[in-house]
Number of protein chains: 2
Amino acid sequence: MDLNLTPLFAPEGVVVIGASRQAGKLGAAMARSLAPFPGARALVNARRPDPAEGVYASVAEAAAYLEGRLDLAVLCVPAPGCAEALAEAAAAGCRAALVCSGGFGEAGPEGEEYADELRRVARETGIRLLGPNTSGFFAPHLGLTASFVPAAGQLPAGDIAVVAASGGVNHALSFDLVAAGNGISLGVGIGAGLDVTAADVLEHLAEDDRTTAVALHLETVPDGPRLVAAVRRVAAAKPVVALVVGRSDIGDFARSHTGALATSWRTTRAALRQAGAVVVDDERELVDALTALSRIRLRPQLAPGLGIVTAQAGPGLLLADRAGTDGIPVPELSTTTRRALSELLPPLTYQRNPVDTGRPAETFDRVLATTAADPAVVLLAVYALTEPDSVDLASAAQAAGLGADSPAVVVVGGLPEDVTEQRARLHKAGVPALTGPAAAANAVRALVRDARGRALRGEAGEMSPALGGEAHASSPVPAGPLDEDAAKTFLAGLGIRTPDRVACDDRAQAHQALRRLGGPVAVKVLDAAILHKTEIGGVHLGVRTAEELDVALDAIGPDRRYLVEAMAPAGVDLVLGVRRVPVFGPVVLAGLGGTAAEALADVAIRLAPLPVTEAATMPDELAARALLDGWRGGPVLDRAEFGRVAATLAAALAASPRTAEIEINPLRLTADGLIALDAVIVPMPTVPMPTVPTPTVPTPTKENDHA
Amino acid sequence: MDLNLTPLFAPEGVVVIGASRQAGKLGAAMARSLAPFPGARALVNARRPDPAEGVYASVAEAAAYLEGRLDLAVLCVPAPGCAEALAEAAAAGCRAALVCSGGFGEAGPEGEEYADELRRVARETGIRLLGPNTSGFFAPHLGLTASFVPAAGQLPAGDIAVVAASGGVNHALSFDLVAAGNGISLGVGIGAGLDVTAADVLEHLAEDDRTTAVALHLETVPDGPRLVAAVRRVAAAKPVVALVVGRSDIGDFARSHTGALATSWRTTRAALRQAGAVVVDDERELVDALTALSRIRLRPQLAPGLGIVTAQAGPGLLLADRAGTDGIPVPELSTTTRRALSELLPPLTYQRNPVDTGRPAETFDRVLATTAADPAVVLLAVYALTEPDSVDLASAAQAAGLGADSPAVVVVGGLPEDVTEQRARLHKAGVPALTGPAAAANAVRALVRDARGRALRGEAGEMSPALGGEAHASSPVPAGPLDEDAAKTFLAGLGIRTPDRVACDDRAQAHQALRRLGGPVAVKVLDAAILHKTEIGGVHLGVRTAEELDVALDAIGPDRRYLVEAMAPAGVDLVLGVRRVPVFGPVVLAGLGGTAAEALADVAIRLAPLPVTEAATMPDELAARALLDGWRGGPVLDRAEFGRVAATLAAALAASPRTAEIEINPLRLTADGLIALDAVIVPMPTVPMPTVPTPTVPTPTKENDHA
């Protein structure tokens, strides 16, 4: 198969198969949309050929007429005829095709057969196929509109590419981006994705110099690792902003079990973020992010400081409030900066950060330049209502040198026509213009996340030494079912701290262990077959005396093996697991212990394996992360230590193809660091399964009270 | 003081004091903005009067010339001269004034003096004063622009009023509302609010027939109960959509203690919601909400069903996904509806809900009407890209009868000019038009929240019987400090279940109590002075035998009183408290037990007192509410029972002016219902305090493990 999508998206010639003159027909809409295309162009209508009008009886005839310059065939024929038309197009020399029709996979067994035929023709001929079930694509730079939506032909050319699961969303996002003052380099609706997938288009865009940023919309992911690789490749060169559908499918936490923590919406978002995409919540945030990221990109860094200059206090406060909520630092300005500002602004204005200019005066450009030049300010956000009497915002921004070398986002408030005029001038100067505080806050967040993500992935720029360190050398999980002691011994071998313990074959050994360890100890049943020890009375905590030990052993029952273990100090319990999930393969999951955290599905996810630096960022994604930072005088989590444990566990799973899951629950944060209080290692099922299984997870139990 | 704000917002005549000809001066900008005002109009410039040009030497002279028709004085003089100018204006018969200048309260002691003088003049003369520190207001219907922002004069007249804490935000919101196709009835920036407050303007708007919906922006609240009363009054007649600033001030949960649960951002939002406002997160959501709520309002009901009709599957899915995330029901359509749709749509389209029409055909209007008529559909959301060949969306919506009687929100996708044209026609027909799936989802959520809020407040419409019931008759808290037993006895008197217990004066009584209650019991130190019993070893759980009791009593120490109490069955722990907070007074707080819930500040807040129906909705606001609905086979919370307990506690605080706080922690949800396992009643400090105190709260302790 030819991986090159140039014949699809930048064809020398296009032929519409099933072209029609009947208004309302797909073949008529496509012929009309493609009419302005300046390259070679032909229509095919077997029943009403009219060569004088460029309508031929067959693709072969059209190709002959156009001397083989046909690259792309646009098929406007119903599903049953598509495979044959595709084969004809391929035979006539077309290297790419677009099928818009429905009636394939979604239409029952007969449709599935049509889909199989299409796939077969594509595979056998090597022709690349976009669709079916899509409204097509457009490449405004080339005057190429392979979409039946009429307005698509009027989208202005620009820098942003759209790769959408759905043709409708491709159009909607492109229109939204244009409404925000942007242009489109390429807009693609993947549709059913029988051949060309989002990953393919991303690979194409990595090489496309016209595109400076990419919008990605996903509904389902056919191949996780492939998509991740493609996003990683594009994101290294240009920003990718991703919107993933499917949140509400897992929204009903009441019904969901721990298994829900790894469902595709969350995992897909985590995977995309890890690969370098900026992940957004809705299409407006996507537009805001791309309006900024298509024009400017901060250098890689963990916590770029935001300077805010506002001509009106109230909107500036809305912006600062959102930045604070998003955890974006709004640093105090240096005394040098403040001294300079005091000479530019009236005495009563607030001159720290935000800088509130009051009604902007002729010094506004110097206020912008001065604030942007502060050592703590990496990115500037500017708000002003249009007031022609007092300041021309676009001119001030230019005079202040805002743009690629002095990154800034600017909000212009005012009547729509004033805003549009100012925005166009700002965009021409390379300064992203947004429509309000919320939009600007979205843009700022996207710029910061992009810079932070690149720093964490080790791109040039600052890197917090606290996040560094190496994962422990990975070693594979030993074969066979492992009981708690064996699991902990394996973890200890990976450099993960576990409590002092003794595996005991009988009561005498248990008593000996108590004497050796001293009280209090935990006494547990030791049996790899028992996953829910607490529920069968198999866990006894705080055992101090021989008498108490006998009570515990009696309760566990005779003819058992026992684990006698030193009690850990009090602390905060985490859950850390690595497991294999559908579509994406091995993932790391980290959360806090306790049912509330679980009910909230408050969990951070990463694809495995991963570097320590990346793993070290997981705790800060947790909503309840305050518990890890000295809550009520408790211990503070060393992120680097956590990163080393998580990355080590991830490497261990990667090295153990016969292991489905390793879970440490709880992993306790104590004043002395992390310690694994219980661990379960689940082997892969030995019977081959039709799909990658989602292993069950032991439920948090009273062992959380292990104190 | 004259409460009537008509002289301010609808004056017969206006005078600009400190008018200027010098461009860039406030007095020049205001004179220009007010020039188009069709009523009586005069300028005052003491140094350069020019009566031929309508510029007088004093307000008195201007008033004489205009035969007393001056109602409103716009003061464009620096802070030091404002009080004198205000007095002159009042003496000349003006009943209202606007002061835009800064230099008052925010400018140190001198400015505070100027502010005091302004207040004094207003109080003594009865003149109503808007400002200072505001860019003013505008009333487009009257051609009245009392703002120095030039574009404000071009805002179209319409139905939506804006009441903003900040003049800049008043303008920004008004421009945003206009950009979304709306008009403005009145836009007001409160500024420093020395006299006229947001509550005053709301009271004015309750009577203003031109206004169909109100945007409210708040930074600080001077008088909580007054604001709540005003919102309640307006919201009963027309929707109020509120945006509250200050989220990030309390964002740092790590530093915050339980006290943070009641800080003003959360409490203000809760109070506004309870009073009937729809509370939003940012200004875009505010615009979306008002675009809908200014045109349509659903009848009061708890869970209106959403029907979705989309011409493109992808954007419809985005909309359905958000509705699902927001908990808005998207019900299956009836078989009658589906049969009717099957005759209107091609066979392969999805015809349940969402209804995916595929490319819309001439039947689109009937699809809309059919779906809207389904018994389960209360509100319709429609998405379509503009495709002039296939459907005219505005005409289809009208033909389908969408509007006030068949509520719907419509998204038109396409090029900005096409969208604007369609939107204008839809708005003319009374159908809110939105710009995309996220905007439509915001509009839907606002409509649903408004309808639900009105149902809960008992307005006509359905009411879930499950939420009904009466609070227990309230009785005041007994005087003096109360120990745990006395606190529980008080709660028991309110009909709140407490464990069987015996207050013991000595060890003998404790042993007698154990014999009476049987094991296991909890043994606690009983002393009203000890708030943190666990921390001093004062709580012993699971005591079964006389020997264990002796160990517990030894640990508590001699010369103590003891509480011996039956252990409660396992369950889910909640925290329920009532307390007095600054600005708003008595509030009810409900959350889940455990540190994770606390770290997340996952708490529902209501002003007290409150009806059972309102209190019963608190648990469903908690993020971790899944724990209350049979988590892992556990008990299900009876909302009505919870509502009765919370409303009863709220009434008790209201009846006890000398009590600062009553907290039940934990309030355990068991299979038998709710039971109060520990309770603290905190009296008001006896020494008068400068401000209303925020009482300290006992931290959750090991008593949470009371099982």
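Worth saying up front: this structure is predicted, and the values here are computed from it rather than measured. (Residues numbered from 1 in each chain as written. Chains lettered and ligands numbered in written order. Predicted model: local features only at pLDDT ≥ 70, side-chain atom pairs only at ≥ 80, totals over all residues. Heavy atoms only, no water.)

A.B. asks: What is the right way to look at the nonpolar core in this model?
C.D. replies: Considering soluble globular proteins, one finds that nonpolar side chains tend to be buried as a cluster. Ranked by internal contacts, the top residues of the largest apolar core, which has 238 residues, are F137, L216 and L272 of chain A together with F137, L216 and L272 of chain B. In terms of nonpolar packing, the next biggest core, distinct from the first, is built from 94 residues, A590, I664 and A679 of chain A together with A597 of chain B among them. (Core = buried A, V, L, I, M, F, W, Y, C linked by side-chain atoms within 4.5 Å. Buried < 20%, exposed > 50% of the residue type's maximum accessible area, 1.4 Å probe, protein only.)

A.B. asks: When you look at the interface of chain A and chain B in this model, what are you seeing that I'm missing?
C.D. replies: A common way to state how big an interface is: give the accessible area lost once the parts meet. Each partner contributes to the interface: chain A provides 80 residues, whereas chain B provides 80 residues. Summed over the shared surface of chain A and chain B, the number is four salt bridges. Residue R284 of chain A is joined to D288 of chain B by a salt bridge in which the shortest nitrogen-to-oxygen separation is 2.4 Å. For the side of chain A that touches chain B, the secondary structure elements donating two or more residues are α2 (26-34), α6 (167-179), α10 (283-293), α11 (313-325), β16 (379-385), α15 (416-428), α16 (437-456) and α20 (595-599) of chain A. The element contributing the most residues to the side of chain A that touches chain B is α11 of chain A, with eight residues. Classifying every residue of the side of chain A that touches chain B gives 38 nonpolar, 24 polar and 18 charged. (Contact = heavy atoms within 4.5 Å. Salt bridge = Lys/Arg side-chain N within 4 Å of Asp/Glu carboxyl O. Helix = DSSP H or I, 4+ residues; strand = E, 2+ residues; numbered from the N terminus. Nonpolar A, V, L, I, M, F, W, Y, C, P; charged D, E, K, R; others polar.)

A.B. asks: For this particular structure, what's the right way to read the sheet that holds strand β20 (residues 521-525) of chain A?
C.D. replies: By way of backbone hydrogen bonds, the strands of a sheet pair with one another, either parallel or antiparallel. Residues and elements named next belong to chain A. Here four strands make up an open sheet; going across it, the order is β19-β22-β20-β21 and the pairing antiparallel. Every other strand in the sheet has two partners, leaving β19 (501-504) and β21 (539-543) as the edge strands with one partner each. On average, each strand axis in the sheet is inclined to that of its neighbour by 15°, with strand direction left out of account. Where β20 lies against strand β22 (residues 562-566), five bridges are found, and the strand directions are antiparallel. Each residue of the ladder has a partner; that of K524, found in β22, is L563. (Pairing = 2+ DSSP bridges. Axes fitted to C-alpha atoms, helices over the stretch in contact; angles between N-to-C directions.)

A.B. asks: Looking at this structure, I do not really get the packing of aromatic side chains. What am I missing?
C.D. replies: For any pair of aromatic rings, geometry is given as the distance between the ring centres together with the angle between the planes. All names here are of chain A. Considering all chains together, one arrives at four aromatic pairs over all chains under this definition. On the basis of an interplanar angle of 80° and a centroid distance of 5.1 Å, the ring pair of F9 and F137 is categorised as edge-to-face. You can see F9 sitting in helix α1 (residues 6-9) and its partner F137 sitting in strand β7 (residues 136-139), a full 128 residues away along the chain. One exposure class covers both F9 and F137, and it is buried. Aromatic side chains Y56 and Y65 sit 5.1 Å apart centroid to centroid with 35° between the ring planes, which places their arrangement in the tilted category. On the accessibility criterion, Y65 (55% relative accessible area) is exposed. (Phe/Tyr/Trp six-rings, centres within 6.5 Å; stacked < 30°, edge-to-face > 60°.)

A.B. asks: Looking at this structure, I do not really get the sheet that holds strand β4 (residues 72-75) of chain A. What am I missing?
C.D. replies: All names here are of chain A. Reading across the sheet, the six strands line up as β3-β2-β1-β4-β5-β6 and stay open at both edges, with parallel pairing between neighbours. The open sheet has two edge strands with one neighbour each: β3 (55-56) and β6 (128-130). Alignment of strand β1 (residues 13-17) against β4, held across four bridges, turns out to be parallel. Looking across to β4, one finds that I17 is bridged to L75. Along the sheet, α2 makes contact with β1, β2 (40-44), β4 and β5 (96-99), crossing β1 at roughly 165°.

A.B. asks: Any chance you could explain the packing of helix α18 (residues 507-517) of chain B against helix α19 (residues 546-556) of chain B here in plain terms?
C.D. replies: What describes two packed helices is the angle between their axes and the distance between those same axes. Residues and elements named next belong to chain B. The contact between α18 and α19 brings their axes to 11 Å, and the two run at 140°. The orientation of α18 relative to α19 falls into the category oblique. Pair α18 / α19 crosses with right-handed handedness. On α19, the residues touching R507, A510, H511 and L514 of α18 are A546, L549, D550, L553 and D554. The residue makeup of the contact of α18 with α19, split by class, is five nonpolar, one polar and three charged. (Parallel < 35°, antiparallel > 145°, perpendicular 65-115°, else oblique. Left-handed = near helix turned anticlockwise from the far one by under 90°.)

A.B. asks: Sorry if this is basic, but what is going on with the pattern of salt bridges here?
C.D. replies: Pairing is possible between side chains of opposite charge, provided their charged atoms come close. Residues and elements named next belong to chain A. Applying the stated criterion across every chain, the model contains 80 salt bridges over all chains. Between R269 and D281 there is a salt bridge whose closest N-O contact spans 3.1 Å. With R269 in helix α9 (residues 264-275) and D281 in the loop between β13 (278-280) and α10, the pair connects residues that are twelve residues apart, well separated along the chain. Relative accessible area serves as the criterion here: at 12%, R269 is assigned to the buried category. Owing to a relative accessible area of 44%, D281 belongs among the partly exposed residues under this scheme. One network of salt bridges, with partners in common, ties together E484, K488, K524, K533, E565 and D678.

A.B. asks: Sorry, what's going on with the confidence of the model for chain A here?
C.D. replies: Caution applies to low-pLDDT parts of the model: their predicted coordinates are not meant to be read in detail. All names here are of chain A. Averaged over chain A, the pLDDT score is 90; the fraction of residues at 70 or greater is 93%. In this model, residues 250-263 is a region of pLDDT below 50 whose contacts with residues beyond four sequence positions or in other chains number 28 contacts. Two summary scores accompany this predicted model of the complex, namely pTM at 0.93 and ipTM at 0.92. (pLDDT = per-residue confidence, 0-100.)

A.B. asks: Just checking my understanding: could you explain unusual backbone geometry for this structure?
C.D. replies: For the bond running from G131 of chain B to P132 of chain B, omega is -10°, close enough to zero to count as cis. Note that P132 of chain B resides in the loop between β6 (128-130) and β7 (136-139). Note that the residue after G519 of chain B, namely P520 of chain B, is joined by a cis bond; omega there is -10°. Here P520 of chain B shows up in the loop between α18 and β20 (521-525). The residue E67 of chain A is not glycine, and still its phi comes out positive at about 55°. We classify E67 of chain A as exposed; its relative accessible area is 68%. For D559 of chain B, which is not glycine, the phi torsion reads 55° and is therefore positive. In this structure D559 of chain B comes out as exposed when scored by relative accessible area, which is 81%.

A.B. asks: I'm lost on helix α2 (residues 26-34) of chain B in this one. Help?
C.D. replies: Turn by turn, an α-helix covers 3.6 residues, leaving residues three or four places apart pointing in a common direction. Burial of α2 of chain B is extensive: seven of the nine residues sit out of reach of the surface. Of all the residues in α2 of chain B, the buried ones are G27, A28, A29, M30, A31, S33 and L34 of chain B.

A.B. asks: What exactly am I supposed to notice about the relation of the copies chain A and chain B here?
C.D. replies: Here two copies of a chain appear, and what relates them is a rotation about an axis with a shift along it. Overlaying chain A with chain B gives an RMSD of 0.1 Å, the required rotation being 180° about an axis along which the chain moves by 0.0 Å. Here the transformation between the copies is reduced to the relation of a two-fold axis. Of the C-alpha atoms belonging to chain A, the one lying closest to the rotation axis is found on A596 of chain A, 3.2 Å away. Interface overlap between copies is the fraction of interface residues in one copy that are interface residues in the other; for chain A against chain B it reaches 100%, indicating a shared surface. (Least-squares fit on C-alpha atoms with pLDDT ≥ 70 in both.)

A.B. asks: What is the right way to look at the pairing of strand β26 (residues 659-670) of chain B in this model?
C.D. replies: Where a strand is regular, its side chains alternate between the two sheet faces. Residue and element names in this part refer to chain B. The element β26 is largely enclosed, with a buried count of twelve among its twelve residues. Two elements, strand β23 (residues 572-581) and β26, share seven bridges in a ladder whose sense is antiparallel. Following the sheet pairing, V578 is matched in β26 by I662. Here five bridges tie β26 to strand β28 (residues 679-683), and the two strands are oriented antiparallel to one another. Looking at β28, one finds that I664 is bridged to A679. Of the strand pairs in this sheet, β26 and strand β27 (residues 673-676) are connected by four bridges, and their pairing is antiparallel. Within the sheet, the bridge partner assigned to L667 lies in β27 and is A676. If you look at the hairpin formed by β26 and β27, you'll find two residues sitting between the two strands.

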